[in-house]
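Each chain, letter by letter, is given below.
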Amino acid sequence: MRYKINKILQEDGAESFPLTSDIKNRLNDIPVFTCRNQDDFPVDETDDMDKQTLRLIPFRGEFLKPCPGTNNYICCGYMILNIGTNCPLNCSYCILQAYFNKPSLRIFVNLEDELSKVATSIDKSPGKIFRIGTGEFTDSLALDDIHKFSDLITDFISTRKNTVIEYKTKTTEIKRLLNYKTRERVIVSWSLNSPYIATHEEHGAPSIEKRLIAAKACQDEGYITGFHFDPLITHDDWKEHYSETIDLMAKYLRPEKIIWISMGCMRFLPSLKKIILNRHPESIILNNEFVHGLDGKSRYFKPLRIEMYSFLGKLLKDWAGFDPGLYLCMESDEIWHKSLGWSPGNSEGLSNYLDNRVRLFWDTTLEKGE
Ligand code: SF4
């Protein structure tokens, strides 16, 4: 499925990159306007995030950066490859809504050039495992049909033996992935929630069942998969609703093909609250009490967070028959112990734990000659 684009804005400098002409050729029925910079073109007032405008940008910042995380909680040591920002879906809780000064779907057309610099920095540390994700500032696959960025990544990853790339998505845009031969260092991950939250809060996203059918197709084709229950959101009968998702996982997935499953409860910076109330007045995600966390974000109270993680963690372990790489996103040592019965202790410990999950999957894949 191609998401609807009604105009292309080509920023100064973008014209010299092959990706710009490739994208314009692929979308040859869409009008193209040139502009000097992001402030040079008015945003469509009927679409406040301008999600049907595609901006082609020569990005001047760093392409590979550590995930911002926070010093006050345990973080996973992830690296982010910045391929673009914003996404055609419209989740009520999306943090990117707070980036109103940078609307539109943004593709960084100098990615190909910049990837060689990223490769140089990775190759300097052959003993280190780089876990790299692309789904922090956009959905990794929603625009792949237009961008075809996975072509570049597949070439890049095929020669980087110390690196895994994780595509995080809510979509079913896997058709192109299934054509590639390089799979062993690629993790395809889905963001999951209860079917109720998916229907009411993840606007424009495929159902949970459709996501899991896509995940099954990837597993069947030899891809490692991951899952992220983030944000977990309390709602009426949330235990039953989240159990429905685990039942669907059991219907479609093989747990031994899952490298990790993260969980993170709903949290947000105060500036997002007003935006959610304005853009999604029907949303239920703010219908709860929140406490001010150590990182300045509003979060559920500890007992509720522990209850949600414990409940879902147990369901996932019971289904899998083992711990399928469960971890918590930005939580404290205390919450880890009370929810999962152990803790990596600190961010370095969590980073080591996830690196070891990667090694385990590499060993298994190599043993089977896959
Ligand atoms: S899929 Fe992710 S990036 Fe896209 S709107 Fe939803 S939360 Fe935001």
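A few points on the structure. (Residues numbered from 1 in each chain as written. Predicted model: local features only at pLDDT ≥ 70, side-chain atom pairs only at ≥ 80, totals over all residues. Heavy atoms only, no water.)

1. Digging into the overall build of the chain
- The helix and strand inventory of the chain stands at eleven helices and 18 strands.
- For 370 residues, the compact-globule formula gives about 21 Å, and the C-alpha radius of gyration of the chain, at 20 Å, lands near that figure.
- With respect to the principal axes defined by its C-alpha atoms, the chain has extents near 55 × 50 × 40 Å.
- When each of the 370 residues of the chain is scored for burial, the buried share is 57%.
- In the chain, once contacts between residues fewer than 6 apart in sequence are set aside, the share between residues at least 24 apart is 77%.
- Split by element, the accessible area of the chain, about 16000 Å² in all, is 51% carbon and sulfur.
- Counting 47 positive and 52 negative side-chain charges, the chain places the averaged centre of each group 2 Å from the other. (Helix = DSSP H or I, 4+ residues; strand = E, 2+ residues; numbered from the N terminus. Rg over C-alpha atoms; globule rule 2.2 N^0.38 Å. Buried < 20%, exposed > 50% of the residue type's maximum accessible area, 1.4 Å probe, protein only. Contact = heavy atoms within 4.5 Å. Areas by Shrake-Rupley, 256 points an atom, 1.4 Å probe, with all protein chains shown as cover. Lys, Arg positive; Asp, Glu negative; His and termini not counted. Charge placed at Lys NZ, Arg CZ, Asp CG, Glu CD.)

2. Considerations on the pairing of strand β3 (residues 53-57)
- Along β3, five of the five residues are buried, which leaves the element largely enclosed by surrounding structure.
- The alternating pattern of β3 places T53, R55 and I57 and L54 and L56 on opposite faces, both of which are buried.
- Here four bridges tie strand β1 (residues 7-11) to β3, and the two strands are oriented parallel to one another. Paired with Q10 across the strands is L56, a residue of β3.
- Alignment of β3 against strand β8 (residues 105-108), held across four bridges, turns out to be parallel. Counterpart to I57 in the pairing with β8 is F108. (Pairing = 2+ DSSP bridges.)

3. Structural notes on the pairing of strand β2 (residues 32-35)
- Relative to β2, β1 is paired through four bridges, and the arrangement is parallel. From the neighbouring strand, I8 faces β2, where its bridge partner is V32.
- Handedness of the β1-helix α1 (residues 18-26)-β2 crossover: right-handed. (Right-handed = clockwise from strand over helix to strand, strands pointing away.)

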